[in-house]
Each structure stands twice: as structure tokens, then as C-alpha cells.
Amino acid sequence: IGVATAMLALSGCPGLRPTTTAPPTLDNAQAQASQGDHASAAATYEALAAQNSGTEQNGFLLLAAREFILARRGDDAARVLAAIAPPLTSDQTFEKQMFGVETALVRSQPQQAWQQLVSITEPRNAPLAARYLELKERVAFATGRVADAVRSEIARERWLPSGAERNAARRDLL
């Protein structure tokens, strides 16, 4: 009776039950990100990357890097970016470069961020050019290059699709 009682008592202990965690899913990662739990989203994206290869793996690693940047975890973002290996699509190559710049900012290395940014060719299509110029503006301010920041904002306006977005960008500049 003593053994049966002990087993019954121990079966109610949470530490002794087998633990199961749900497999990582894209939906879980997106939900975590939308709830502001960027570190958890990054971990989920990393787990998804481990289940894939090639450009799919790199896509998940880039998403993990983005979430680590949003979580202000620059060292983790740098680690994930370093794990990205060919093949990369042209968009993935651009995103990796941009996240490298953002990682330097998060790590309080604005001069390094500027050096990385000026080595990237400015894109010639709307969404990528606008993203590049917005980041250039932030990095320029972080390095004390106010004139470069203003020039970047002015250049970015031509790529923004609506008057409302242009007005918002102008307000952000002020």
C-alpha cells in the first residue's frame, strides 16, 4: 500500500510527468511576433530553419534574425546571420545585408552600421529602396550625419506609394 500511495502522490507532481512541446509552426512564430514576444518568435523560426534546407532554411533564419533585432538581442541576431549560407535568393542577400546593419545598431555600433550600409548598392525598386533609405536615415542620425539623414528622407519620399506615408515619414523626421 505504501508504494501505491507514493506512486499516486508522485503522479500529481508536474516535474515527473513527461513533457511534450508542440512542434514549431509558422503560425506559432507569427502569433508570437504579433504579440510582441520577439525572442520566442525568433526561437521558433530557428527551430523551423533546422527542419529545412537551402533557401527555405535561410528564409527562416532571416525571420529569426529580424525577431532577435526587434527583441534588441544583437548577439543572437549576429549568430543567426552568421549561420546563413548559400544558396540565397537576391532578396535574401539584400535582407541579410540590411539585418547586418540593423544588428550593428542594436549592438551600439553605429559607425560599423554606417560602413556596412554604404557598401550596399541602393536598390532601384520601390519597396527595397524605401527600406534602404529609411535605414540609412536611422544610421545617419545614429552617427551624427544629420545632413545625410535628411537627404535620405527626401530621397525615400519618391518611393513611398501614398501621400499619407510621405506625411508620416516627414513627421518622423521632425
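In this report, the structure presented in the accompanying data block is examined. (Residues numbered from 1 in each chain as written. Predicted model: local features only at pLDDT ≥ 70, side-chain atom pairs only at ≥ 80, totals over all residues. Heavy atoms only, no water.)

Before going further, it helps to spend a moment on the packing of aromatic side chains. Applying the stated criterion across every chain, the model contains 1 aromatic pair. With centroids separated by 6.5 Å and ring planes inclined at 25 degrees, the aromatic side chains of Y45 and F60 adopt a geometry described as stacked. Of this pair, Y45 sits in helix α3 (residues 38-50) while F60 sits in helix α4 (residues 54-70); the two residues are 15 residues apart in sequence, bridging distant segments of the chain. Take Y45: its relative accessible area is 2%, and that puts it in the buried class. (Phe/Tyr/Trp six-rings, centres within 6.5 Å; stacked < 30°, edge-to-face > 60°. Helix = DSSP H or I, 4+ residues; strand = E, 2+ residues; numbered from the N terminus. Buried < 20%, exposed > 50% of the residue type's maximum accessible area, 1.4 Å probe, protein only.)

Taken together, the side chains of F141, V146, V150 and I154 make up a nonpolar region of the molecular surface, amounting to roughly 330 Å² of accessible area. Examining the composition of the nonpolar patch, we find that 3 residues originate from one element, helix α9 (residues 146-157), more than from any other. Looking at the element boundaries, V146 is found in helix α9. Residue V146 is classed as partly exposed on the basis of its relative accessible area of 46%. (Patch = residues over 30% accessible without salt bridge, like charges linked within 9 Å, V, L, I, M, F, W, Y side chains within 5 Å. Areas by Shrake-Rupley, 256 points an atom, 1.4 Å probe, with all protein chains shown as cover. Salt bridge = Lys/Arg side-chain N within 4 Å of Asp/Glu carboxyl O.)

With that settled, the discussion passes to the environment of A85. By the secondary structure assignment, A85 is in the loop between α5 (74-83) and α6 (90-106). Among the residues examined, A85 registers a relative accessible area of 36% and is labelled partly exposed. The spatial distance from the C-alpha of A85 to the C-alpha of N58 is 7.2 Å, given a sequence separation of 27 residues.

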